[in-house]
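An overview of the molecular structure
In case you want the letters, here they are:
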Amino acid sequence: MNDILLPVIFVILAIAVVGSLAVLLLRGRRTPPGLYSSPRDPDDQVTGAAHGATSTDVLDRPDGTTTDVLVPDDLSGLDEAPPAPRFDTVEPVQGRLARLRARLVRSNNALGKGLLALLSRDKIDEDVWDEVEETLLMADLGTEPTMELVDALRDRVKVAGSRNPAEVKDMLREELVKLVDPTMDRTLATARHADRPAIVMVVGVNGVGKTTTVGKLARVLVADDKDVLLGAADTFRAAAAEQLATWGARVGVPTVKSDVDGADPASVAFEAVKAGIEQEVDVVLIDTAGRLQNKVGLMDELGKVKRVVEKQGTVDEVLLVLDATTGQNGLNQARVFAEVVNITGIVLTKLDGTAKGGIVVAIQRSLGVPVKLIGLGEGADDLAPFEAESFVDALLN
């Protein structure tokens, strides 16, 4: 009998234990996993997600609706947009002018000092006037302007009968200002038209610094709150387009260029103007390939670039870049370029201690075209508008 009761007792106890555990489990979880009968408190934490994962919990509201709660992951910041690029701070035009004037005073006033030394002597005879004439010719002033200046000074000194250095300096300044001609219009035609941007072409021989000048001019225009686009139509010189694009990138200016070496420069120039019209920029600056003035084929090609561009709008400005250190040789270059593309302004680069200030007068007299910009160094902001009276004052101070 005992052998039968013992197994029965064990079975009953086992059933009781299992039943108790079942009741406890049912009381501990009355809703399916992940669902709640009321909104979760704000400080409730989501658990069970892998580290760094983004998970969504579904909460039951009393009205039967559900709300998705997004828990951001630890790496969400890695997909954010990169910081905006930093562009160069372009020096304002007036600050640049003041700095360039100071440099000109220090480096290029041998002409003024030499003339003042001669004209301040106790006795001014024919030998002195011969030396004055020689000094002016050595400064690349040109034969005709030199004779005009010497004759005018000779008459004024004779009439005044003065040997006072201050009075002689005033006379010399007045006559030099006349030669440099402050009445010439030196403004750049960079005002946007109603339906298109202003178009500026930059031309010149090899090695005068055209691409650099275009980059510096872009900085000048950006400082003047102009919206600028560059066209890299110098498709023959290795890395010219990349060089121009680098200049533009420094001030946030886009560049239109070809990825094909030796591409048609007229086509690139055309596309640059087209892009400028579509993007509604203020100014399109077109860099062209350097070419010798005695290479007829290359000069004809330059004329083609201008004609193709003008299918979309008249070229407002054609700037000829000249190296001031070349002196009178620059005049020969200027005359040929003027015949092909109708030069509207001159940019004189390297007008520092190695140049001769008289070349400004000679070029303007030869072409009837004003010097509009001058460069006095290799710095990014070493380009500024040319001012006749400031230039003369720098020579004489």
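Residues numbered from 1 in each chain as written. Predicted model: local features only at pLDDT ≥ 70, side-chain atom pairs only at ≥ 80, totals over all residues. Heavy atoms only, no water.

Let's talk about the overall build of the protein
Looking only at helices and strands, the protein has 13 helices and 10 strands in total. Out of the 397 residues in the protein, the part that is buried amounts to 41%. When contacts within the protein are restricted to residue pairs at least 6 apart in sequence, those whose partners lie at least 24 apart make up 73%. Total accessible area computed for the protein in this model is approximately 21,000 Å², and 54% of it derives from carbon and sulfur atoms. (Helix = DSSP H or I, 4+ residues; strand = E, 2+ residues; numbered from the N terminus. Buried < 20%, exposed > 50% of the residue type's maximum accessible area, 1.4 Å probe, protein only. Contact = heavy atoms within 4.5 Å. Areas by Shrake-Rupley, 256 points an atom, 1.4 Å probe, with all protein chains shown as cover.)

Digging into the pattern of salt bridges
In this structure the tally under the stated criterion is 14 salt bridges. In this structure, the salt-bridge partner of arginine 156 is glutamate 174, at a minimum N-O distance of 2.8 Å. Pair noted here: arginine 156 is in helix 5 (residues 143-160) and glutamate 174 is in helix 6 (residues 165-180), with a separation of 18 residues, a long-range link. On the basis of relative accessibility, which here comes to 28%, the residue arginine 156 falls in the partly exposed class. Residue lysine 306 is joined to glutamate 310 by a salt bridge in which the shortest nitrogen-to-oxygen separation is 3.2 Å. By relative accessible area, which is 15% here, lysine 306 ends up buried. Note on glutamate 310: relative accessible area 31%, which makes it partly exposed. (Salt bridge = Lys/Arg side-chain N within 4 Å of Asp/Glu carboxyl O.)

Focus on the sheet that holds strand 9 (residues 371-375)
The strand order across the open sheet built from 8 strands is 5-4-6-3-7-8-9-10, with neighbouring strands paired in mixed fashion. Both edges of this open sheet fall to strand 5 (255-256) and strand 10 (383-385), since each of them pairs with a single strand only. The sheet contacts of helix 10 (residues 296-309) involve strand 3 (198-203), strand 6 (283-288) and strand 7 (317-323), and relative to strand 3 the element is tilted by about 175°. Sitting on the sheet, helix 12 (residues 359-367) is in contact with strand 7, strand 8 (345-349) and strand 9, with an inclination near 155° to strand 8. (Pairing = 2+ DSSP bridges. Axes fitted to C-alpha atoms, helices over the stretch in contact; angles between N-to-C directions.)

Some words on the nonpolar core
If you look at the biggest cluster of nonpolar residues, it comprises 91 residues, and the most contacted ones within it are Val132, Val203, Leu285, Ile286, Ile343, Ile346 and Leu348. Looking at this core, the element that brings in the most residues is helix 6, giving 7 residues. Apart from residues no more than four positions distant in its own chain, valine 203 is found in contact with Lys210, Thr288, Leu302, Val318, Leu319, Leu320, Val321, Phe337, Val341 and Ile343. (Core = buried A, V, L, I, M, F, W, Y, C linked by side-chain atoms within 4.5 Å.)

Description of unusual backbone geometry
Even without being glycine, glutamate 280 reaches a positive phi, approximately 55°. Overall, glutamate 280 belongs to the exposed group, its relative accessible area being 56%. Not every positive phi belongs to a glycine, and asparagine 342 is a case in point at roughly 55°. Residue placement: asparagine 342 occurs in the loop between helix 11 (329-341) and strand 8.

Let's talk about the confidence of the model for the protein
Summarising the model, the protein shows a mean pLDDT of 77, and 70% of its residues fall at 70 or more. Confidence drops under pLDDT 50 across residues 28-78; counting only partners more than four residues distant or on other chains, this segment forms 47 contacts. (pLDDT = per-residue confidence, 0-100.)

Remarks on the side chain of lysine 372
Relative to the assigned elements, lysine 372 resides in strand 9. A polar atom in the side chain of lysine 372 sits 3.0 Å from the backbone oxygen of threonine 187. Ignoring sequence-local partners within four residues, the contact set of lysine 372 consists of Asp185, Arg186, Thr187, Leu188, Glu317, Leu319, Thr344, Gly345, Ile346, Ala384, Pro385 and Phe386. (Polar contact = N/O pair within 3.5 Å; in protein donor to acceptor, adjacent residues only side chain to side chain.)

Concerning the pairing of strand 3
Across the 6 residues that make up strand 3, a large majority, 6, are buried. Residues Ala198, Val200 and Val202 line one face of strand 3 and the alternating positions Ile199, Met201 and Val203 line the opposite face, and both faces are buried. Of the strand pairs in this sheet, strand 3 and strand 7 are connected by 4 bridges, and their pairing is parallel. Paired with valine 203 across the strands is leucine 320, a residue of strand 7.

Here we look at helix 13 (residues 388-396)
With 7 of 9 residues buried, helix 13 lies mostly within the body of the structure. Listed in full, the buried residues belonging to helix 13 are Ala388, Ser390, Phe391, Val392, Ala394, Leu395 and Leu396.

With respect to the packing of aromatic side chains
For the coordinates displayed, the defined rule picks out 1 aromatic pair. The ring centre of tryptophan 247 lies 5.2 Å from the NZ or CZ of arginine 250, which sits over that ring. (Phe/Tyr/Trp six-rings, centres within 6.5 Å; stacked < 30°, edge-to-face > 60°. Lys NZ or Arg CZ within 6 Å of the ring centre and 35° of its normal.)

Quick word on the packing of helix 10 against helix 11
As a packed pair, helix 10 and helix 11 sit with axes 9 Å apart at the nearest point and diverge in direction by 40°. Viewed along their axes, helix 10 and helix 11 adopt a mutual orientation that is oblique. In the packing of helix 10 onto helix 11, the handedness of the crossing is right-handed. In this structure, helix 10 uses Met299, Leu302, Gly303 and Lys306 to contact helix 11, whose residues at the interface are Val336, Phe337, Val340 and Val341. Across the contact of helix 10 with helix 11, the residue classes break down as 6 nonpolar, 1 polar and 1 charged. (Parallel < 35°, antiparallel > 145°, perpendicular 65-115°, else oblique. Left-handed = near helix turned anticlockwise from the far one by under 90°. Nonpolar A, V, L, I, M, F, W, Y, C, P; charged D, E, K, R; others polar.)

Comments concerning helix 8 (residues 240-250)
Taken residue by residue, helix 8 has Ala240, Ala241, Leu244, Ala245, Trp247 and Gly248 as its buried positions. Along the axis of helix 8, the buried residues cluster in a sector spanning 155°; they form a single face. Residues of helix 8 that are buried in the fold lie against helix 7 (210-223), strand 4 (228-233), strand 5 and strand 6. In the segment just after helix 8, glycine 252 is the residue with positive phi, at about 75°. (Arc of directions from axis to C-beta.)

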